Amino acid sequence: MLCVRAISPLRSIQSRAPTQRASSPIPTSFHSKSGRACAPLVSVCLAPAAASLPPWKHGMDPISIGVFISSPLYIPASSHRIRQLPLQQQTTPLLPRQMVGASMPVPVSRHAAVVVVLVLAAAHGALCSSSHVELTAGAVERGGNAPSLRAPPANGTGADDGPAPAPAPSGSLEGCGCAPRPAPWQFLNQKLAALWPVIQAFKKTITCDPLGVTATWEGPDLCSSYFNGTKYKGFYCDFPPDANTTLTVASIDFNGFGLCAPSLAGFVDQFPDLALFHANSNNLSGDVPDLTHLPFFYELDLSNNNFSGPFPDAVVPLGGLLFLDLRFNRYAGAVPPPVFALTVEALFLNNNGFDGRIPDSFGSTGAKYLVVANNQFTGPIPRSIYNTSATLSEVLFLNNRLSGCLPYEIGLVEGLAVFDAGGNEIAGPIPLSFGCLRDVEELNLAGNQLYGQVPDVVCLLAKTGKLRNLSLSDNFFHSVGYHCLELVRSRVLDVRRNCILGFPDQRPPLECAAFYADPSKHCPFIPHIPCDLPGYHHPPAKAALPASAAARGHGHPQGGGN
């Protein structure tokens, strides 16, 4: 089964709190490729795993199998032999049948009743005061990937205080007041035992939990979701590449939980095999911890939270990062140049307070989807953008304070599908190189200071390419090319509030005259077209919509803009 990520940055900036991103290169389910022989009481679990749990980054087969023993053991997908304690070797306290839910008429004298009460008290003390529980001969081995018997929670830290009773049947310990700390042998392996106190420490820092998620963070079942359970919501397990028989936490997905916590330090950075951390739509804040020591980590989503301050320095050294989403926070200041040199496939920095110039290292990005919209960036679009031709598909610069001339080099980004630089202060004519963007579907340059004639080579992309939406409203264009007239009539091209004579909804003539009289707004024009444009023939120099046609309603461009 092949699972493909589908990202739409256009939607990502329009929706503030998407709680489930369908934008990750992650499988939505795990199934078995082939059946396996099952031992008695063992069944093969083919239920879908959590949507946010991907295969591991390096060589992990997205197909996996989950196996569980009906009660009380969980067995991970491992070829290792599981040693189970024979029932005849289990040592269970001698409890009255009434304590395990059975009923049986028993003649009881007054003295016998006293004895029963004393036995009940002794049993309660034996179960609740024990500081450690050990398996007797034949028990499941500690460590590794071996599962364990379900035992009642025990107090203490796991010191060796001698043998203790084996777990009583389910339901017999309700209301006994036992401490919730599990014994070490209750975890599937030592890795999970080491993660339990990390989760509990973070749980204590959470100040709001509107969905009651943290109530499921109890007991030793950190990988409950792997076995289709309901414990430890937000935590998902898999087998890391360097220990493919040891189940551990591979992904943490808090999307939409609404959790409030002052810091992630001491939490995310303490999961040595973590690959993904998603925390969209919470109320998290503080510094991003150092994650450089996590060898498999490649996705970080902190969007729609309360993070603030400068760009998080801890993100810059993450050389293996493939997905970075910091949108809808309160970050401010300059974006360090190394950020655009990350190996990310998707980089979302929109809806923050970033400012300053976009560094020339922008051309070093290997991202396919890049969004820096709704910030305070100034200066020109870097001409180094032409270096992204092999990878960049969608880029959004809209609603910043960018200025300068529209770079000719944008037309060299051959695979560009979406280009949006609307709502800035960019000047100049549209370079003829834009006619080479054969894959472009959405082109938004509205709300700038562009002028001259709308090039026919760009409008021709609606016929020879994939262009479906061209918005040039709120600029200073004085005419449109011959082929552009058809797009105006079909409402693909929006040219409202320009300076085109005879067109409806244009700027006042005095405003247009004042603009063209200012030479400081002019940019050089490069007539060269850097690609072959089959079917393109030079039209007459100018073509404007006749006033009579405008009066009949032709060319009214409503609905063509973004």
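Computed from a predicted structure; not experimentally measured. (Residues numbered from 1 in each chain as written. Predicted model: local features only at pLDDT ≥ 70, side-chain atom pairs only at ≥ 80, totals over all residues. Heavy atoms only, no water.)

Draft legend 1. A look at the pairing of strand β16 (residues 376-379). Sheet analysis places strand β14 (residues 353-357) next to β16, joined by three bridges and oriented parallel. Paired with G356 across the two strands is F377, which belongs to β16. Bridge analysis of β16 against strand β18 (residues 401-402) gives two bridges, and the strand direction is parallel. Note on β18: the bridge partner recorded for T378 is R401. (Pairing = 2+ DSSP bridges. Helix = DSSP H or I, 4+ residues; strand = E, 2+ residues; numbered from the N terminus.)

Draft legend 2. Summary view of the sheet that holds strand β20 (residues 427-428). Strands sit in the order β20-β22-β24 across an open sheet of three strands; the sheet is parallel. Whereas interior strands pair on both sides, the edge strands pair on one side only; in this sheet they are β20 and β24 (476-480). Alignment of strand β22 (residues 449-454) against β24, held across four bridges, turns out to be parallel. Looking at the pairing, Q453 lines up with S479 of β24. Across the face of the sheet, helix α7 (residues 509-516) comes into contact with β22 and β24 while running at roughly 100° to β24. (Contact = heavy atoms within 4.5 Å. Axes fitted to C-alpha atoms, helices over the stretch in contact; angles between N-to-C directions.)

Draft legend 3. Broad picture of the pairing of strand β4 (residues 235-238). Where burial is concerned, the two faces of β4 agree: the one with F235 and C237 and the one with Y236 and D238 are both buried. For β4 and strand β5 (residues 248-253), the ladder comprises four bridges, and the chain directions are antiparallel. Bridging across to β5, Y236 finds its partner in S251. (Buried < 20%, exposed > 50% of the residue type's maximum accessible area, 1.4 Å probe, protein only.)

Draft legend 4. Highlighting the state of the cysteines. All chains considered together, the criterion is met by six disulfides. Here C436 pairs with C531 through a disulfide, and the sulfurs are 2.0 Å apart. Between C436 and C531 the disulfide shows an S-S torsion of about -95°. By sign, it is left-handed. Of this pair, C436 sits in the loop between β20 and β21 (442-444) while C531 sits in the loop between α7 and α8 (547-551), and the two are 95 residues apart along the sequence. Among the residues examined, C436 registers a relative accessible area of 7% and is labelled buried. Shown here is the disulfide that connects C499 with C512, its sulfur atoms set 2.0 Å apart. The disulfide joining C499 to C512 has a torsion of about -90° about its S-S bond and is therefore left-handed. (Disulfide = S-S within 2.5 Å.)

Draft legend 5. Layout of the environment of F277. Position of F277 relative to the elements: it lies in strand β7 (residues 276-278). On the basis of relative accessibility, which here comes to 0%, the residue F277 falls in the buried class. Here the alpha-carbon distance between F277 and L302, two residues 25 residues apart in the chain, equals 8.2 Å. If near-sequence neighbours (up to four positions away) are discounted, F277 is found in contact with I252, F254, L264, F267, V268, F297, E299, L300, D301 and L302.

Draft legend 6. Region of the structure containing the side chain of S281. With respect to the element layout, S281 can be found in the loop between β7 and β8 (283-284). By relative accessible area, S281 is classed as buried at 13%. Here N304 takes part through its side chain, which lies 3.1 Å from a polar atom of the side chain of S281. (Polar contact = N/O pair within 3.5 Å; in protein donor to acceptor, adjacent residues only side chain to side chain.)

Draft legend 7. Expanded view of the sheet that holds β14. Strands sit in the order β10-β12-β14-β16-β18 across an open sheet of five strands; the sheet is parallel. At either margin of the open sheet sits one strand with a lone partner, and together these are β10 (308-309) and β18.

Draft legend 8. The pattern of salt bridges, seen in detail. Using the criterion set out here, one finds nine salt bridges in the structure. Across the salt bridge formed by K191 and D273, the nearest N and O atoms sit 2.9 Å from each other. On the criterion of sequence distance, the pair formed by K191 in helix α3 (residues 190-205) and D273 in the loop between β6 (260-261) and β7 is long-range, its members being 82 residues apart. One salt bridge in this structure joins K203 and E218, with 3.9 Å as the shortest N-O distance. Remark: E218 occurs in the loop between α3 and β4 and K203 occurs in helix α3; sequence separation between them is 15 residues. Its relative accessible area of 40% is what places E218 among the partly exposed residues. (Salt bridge = Lys/Arg side-chain N within 4 Å of Asp/Glu carboxyl O.)

Draft legend 9. Representation of the confidence of the model for the protein within the structure. Averaged over all residues, the pLDDT of the protein is 73; the fraction at 70 or higher stands at 63%. pLDDT under 50 marks residues 17-179. Its contacts with residues more than four places away, or in other chains, come to 275 contacts. Segment residues 539-562: pLDDT under 50, and 54 contacts once partners within four positions in sequence are set aside and those in other chains are kept. (pLDDT = per-residue confidence, 0-100.)

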